[in-house]
Amino acid sequence: MTSFDLGRTEQEAFLQQTLSTLLDWYEKGDEAPVGTLWSHQQLQATVADFTYKKPAATKASLQNLMQQLKDFTIHTTNSNYFGLFNPRANFPSILADIITAFFNPQLAAWSHAPYAAEIERNLILQCCQRFGYAEEAQDGTFTSGGAESNLTAIICALHHHYPNYGEEGLFALKQMPVIYCSAESHHSLLKATRSLGLGAKTLQVIPSDMEERMDLKQLKHQLILDEAAGKQPIMVVGTAGTTGSGAIDDLDTLAVICKAHSCWFHVDAAYGGALMLSTKHRRHLSGIEKSNSITMDIHKWFSVPMGISLFLTSDPNILHRAFDVSTAYMPEKGESKKEIDPYVHSLQWSRRFMGLKMHLPLLFFGWEGYEEVIHHQIHQGQLLRESLEAAGWEIKNYSHLPILCFSHPSLEQTPARVQEIVDDIVSKGKAWISTYPIKGQPCIRACITNYNTGPEEVQKLVDLLSTYLRQDSSPDNS
Ligand SMILES: *Cc1c(COP(=O)(O)O)cnc(C)c1O
């Protein structure tokens, strides 16, 4: 029989080959294109070669695999990637994922991985503290991403409002529940209402104001209308850092409105939550301390590999109420019975030691190291703004985060040109940017997501964009 372990010498050879290829790429990735646009047909054909009929674990096949990943991936690790909150993973967090894969601790039950479980617990409590939750009002769980965190938030709101929800589910509801969010909020909320059996109509989308924040006048108006119509408002979701333009809803006022209407106040701070790392910029999250729950992705601004988010709540009982079950086959708790078994505290059952990829970078850099990175990235955003404005571009969004949505007066008569310019840049692999409409006007969107992006890359992007304006205005083109 072939050994699943391979021999020690073989293991070392494969690891060495993998690591040396990956480290080269990690160091010199900027020399290659950020990516391009690929044809589905080409990719299907490439992958169809894998039939798994014969073992193929050779040096060459491993090299080939890494080459194809290089060739067919948008490299969010490249410092010319100005994209969608997808980071370059810092080195300690990569190390953490390697360590986790080797040990493969099972974090469903505390007693199987007590050290790992307590490291996660400590991180959860420290983050609650940083967001301003009182000591007796701190709880949470690691999740796979913001979508799972937002889903968890809605589940908590349902259990909070309907004590019988666990037993009778939606059949116990006499009134239609309503959840409010802004037009700029994340569509994972829509998926969550649809998959929970609430239906999309329970999600009341409130238009946004001139600065892409939830229009609170309209929210208040809608709440009164819905109550008068016999519906039951149960939850308001404020967004701290919208995915499109980086707007932060007025969390302080939202907290007051939620209190007045007995709504669960959730803050989706998937991206913007990282501002809590900065003593200087934390104030933009003011009001978040009054929330019932928070979504904060770690795999965005914390610059770690995919698959880790935090759901935090100031209700220390709600997760247990929502997820507690008891089984005969799961291991018993430890001796104090106060340990938290993650499987009765969250949606997941078997779970990976996600927290290690937050813990290890924090051990290496500390909160202060993170604060510096956040400041660096915000500063690059400011440089980008100045540089764009100097080149005649107009910034159309309002954000405290390093996200810019912009257009040029010369493009206003030819809105389709915006997408053409972006597609051309992306397909040539010189940078990765996207488009996002602000007040119906197509804009180019660029976000500083990579901690290695510096003044040089910022200027290169602005120069690149300007070449298109010159092409457009050159006499040969008219
Ligand atoms: C990215 C994002 C999400 C979804 O998070 P995933 O980690 O991609 O599941 C939710 N809300 C906001 C505001 C986001 O930016």
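This one's a predicted model, so the numbers in the text were calculated from it and none came from an experiment.

Colleague: It is not clear to me how the packing of aromatic side chains should be interpreted in this structure. Could you clarify?
Modeller: Evaluated as defined, the whole model comprises 11 aromatic pairs. Ring pairs connect the aromatic residues Trp 25, Tyr 26 and Phe 91, which therefore count as one cluster. Over the face of the ring belonging to Tyr 26 we find Arg 88, whose NZ or CZ atom lies 3.9 Å from the ring centre.

Colleague: I would appreciate a short explanation of the sheet that holds strand β2 (residues 177–182) in the present structure.
Modeller: Here we have seven strands laid out as an open sheet, ordered β1-β7-β6-β5-β4-β2-β3, and mixed in their pairing. What marks the edges here is a single partner per strand, and that holds for β1 (139–143) and β3 (203–206). Averaged over all neighbouring strand pairs, the angle between strand axes comes to 20°, with direction disregarded. Relative to strand β4 (residues 232–239), β2 is paired through four bridges, and the arrangement is parallel. Note on β4: the bridge partner recorded for Ile 179 is Met 235. Most of the contacts of helix α6 (residues 146–161) go to strand β5 (residues 264–268), to which it runs at about 175°, and overall it touches β1, β2, β4, β5, β6 (293–297) and β7 (309–313).

Colleague: Explain helix α8 (residues 188–195) to me, please; I cannot follow it from the model alone.
Modeller: Residues spaced three or four apart along an α-helix point in a common direction, a consequence of the helix completing one turn every 3.6 residues. Within the sequence span of α8, burial applies to Ser 188, Leu 189, Ala 192 and Thr 193. Angular distribution of buried residues about the axis of α8 spans 140°; they occupy a single face of the element. Of the residues in α8, the exposed ones pointing more than 90 degrees away from the buried face are Lys 191, Arg 194 and Ser 195. A positive backbone phi angle near 85° is found at Gly 197, which sits one or two residues after α8.

Colleague: What am I meant to see in the domain arrangement of the chain here?
Modeller: In many analyses, interface size is given as the accessible surface area lost on bringing the parts together. Each domain of the chain was delimited in the assignment, giving domain 1 (100–360) and domain 2 (368–477). Taking only C-alpha atoms into account, the centre of domain 1 sits 32 Å from that of domain 2. Contact residues are listed per partner, giving 26 residues for domain 1 and 22 residues for domain 2. Carbon and sulfur atoms supply 62% of the area that domain 1 and domain 2 bury against each other, a total of about 2,000 Å² over both sides. By the criterion of area lost to domain 2, the three top residues of domain 1 are Tyr 271, Leu 277 and Trp 301, representing 25% of everything that side buries. At the surface where domain 1 touches domain 2, the tally comes to one salt bridge. When the shortest N-O distance is used, the salt bridge between Glu 212 and Lys 439 registers 3.3 Å. Where domain 1 meets domain 2, there are 12 residue pairs in polar contact (both at pLDDT 80 or more). A per-class count over the side of domain 1 that touches domain 2 returns 10 nonpolar, 12 polar and four charged.

Colleague: Could you clarify how one ought to interpret the sheet that holds strand β8 (residues 394–395) in this entry?
Modeller: Remark on secondary structure: sheet strands pair via backbone hydrogen bonds, oriented parallel or antiparallel. Ordered by their spatial adjacency, four strands build an open sheet running β8-β9-β11-β10, and the pairing between neighbours is antiparallel. Two strands in the sheet have a free side with no partner beyond their single neighbour: β8 and β10 (434–438). Inspection of the sheet shows strand β9 (residues 403–407) paired to strand β11 (residues 441–447) by four bridges, in the antiparallel sense. Of the residues in β11, the one forming a bridge with Ile 403 is Cys 447. Its contacts with the sheet place helix α12 (residues 356–390) against β8, β9 and β11, and it is angled at close to 10° to β9.

Colleague: What's the story with the environment of His 299 in this structure? I'm lost.
Modeller: Structurally, His 299 is set in the loop between β6 and β7. Distance from His 299 to Tyr 271, taken between C-alpha atoms, is 9.0 Å for residues 28 residues apart in sequence. Here His 299 is in contact with Phe 85, Pro 87, Ser 144, Gly 145, Val 304, Pro 305, Met 306, Gly 307 and Ile 308, once residues within four sequence places are set aside. In this structure the side chain of His 299 is engaged in a polar contact, spanning 3.2 Å, whose partner is the side chain of Asp 297.

Colleague: Help me understand the site of the ligand in this model?
Modeller: Close contacts around the ligand come from 14 residues, with Gly 146, Asp 268, Asp 297, His 299 and Lys 300 the closest. Within the backbone of Gly 146, a nitrogen or oxygen atom sits 2.7 Å from an oxygen atom of the ligand. Taking Thr 243, its side chain carries an N or O atom lying 3.1 Å from an oxygen atom of the ligand. A total of 380 Å² of accessible area belongs to the ligand in isolation, and the protein chains cover 85% of it.

Colleague: What am I meant to see in the nonpolar core here?
Modeller: Nonpolar side chains in soluble globular proteins tend to end up buried together. Within the largest apolar cluster, 61 residues are counted, with the highest numbers of intra-cluster contacts made by Phe 142, Leu 219, Ile 298, Phe 302, Leu 310, Leu 312 and Met 358. Elements supplying a minimum of two residues to this core: α5 (114–130), β2, α9 (216–228), α10 (251–260), β5, β6, β7 and α12. For this core, the element with the highest residue contribution is α12, accounting for eight residues. Counting residues domain by domain, this core receives three or more from each of domain 1 (100–360) and domain 2 (368–477). If we skip the residues at most four places from it in the chain, Leu 310 touches Ile 124, Cys 127, Thr 141, Phe 142, Thr 143, Ser 149, Ile 294, Thr 295, Met 296, Ile 298 and Met 358.

About the thresholds
- Residues numbered from 1 in each chain as written.
- Predicted model: local features only at pLDDT ≥ 70, side-chain atom pairs only at ≥ 80, totals over all residues.
- Heavy atoms only, no water.
- Phe/Tyr/Trp six-rings, centres within 6.5 Å; stacked < 30°, edge-to-face > 60°.
- Lys NZ or Arg CZ within 6 Å of the ring centre and 35° of its normal.
- Pairing = 2+ DSSP bridges.
- Helix = DSSP H or I, 4+ residues; strand = E, 2+ residues; numbered from the N terminus.
- Axes fitted to C-alpha atoms, helices over the stretch in contact; angles between N-to-C directions.
- Contact = heavy atoms within 4.5 Å.
- Buried < 20%, exposed > 50% of the residue type's maximum accessible area, 1.4 Å probe, protein only.
- Arc of directions from axis to C-beta.
- Domains from an automatic or database assignment.
- Buried area = accessible area lost by both parts, 1.4 Å probe.
- Salt bridge = Lys/Arg side-chain N within 4 Å of Asp/Glu carboxyl O.
- Polar contact = N/O pair within 3.5 Å; in protein donor to acceptor, adjacent residues only side chain to side chain.
- Nonpolar A, V, L, I, M, F, W, Y, C, P; charged D, E, K, R; others polar.
- Near = heavy atom within 4 Å.
- Areas by Shrake-Rupley, 256 points an atom, 1.4 Å probe, with all protein chains shown as cover.
- Core = buried A, V, L, I, M, F, W, Y, C linked by side-chain atoms within 4.5 Å.

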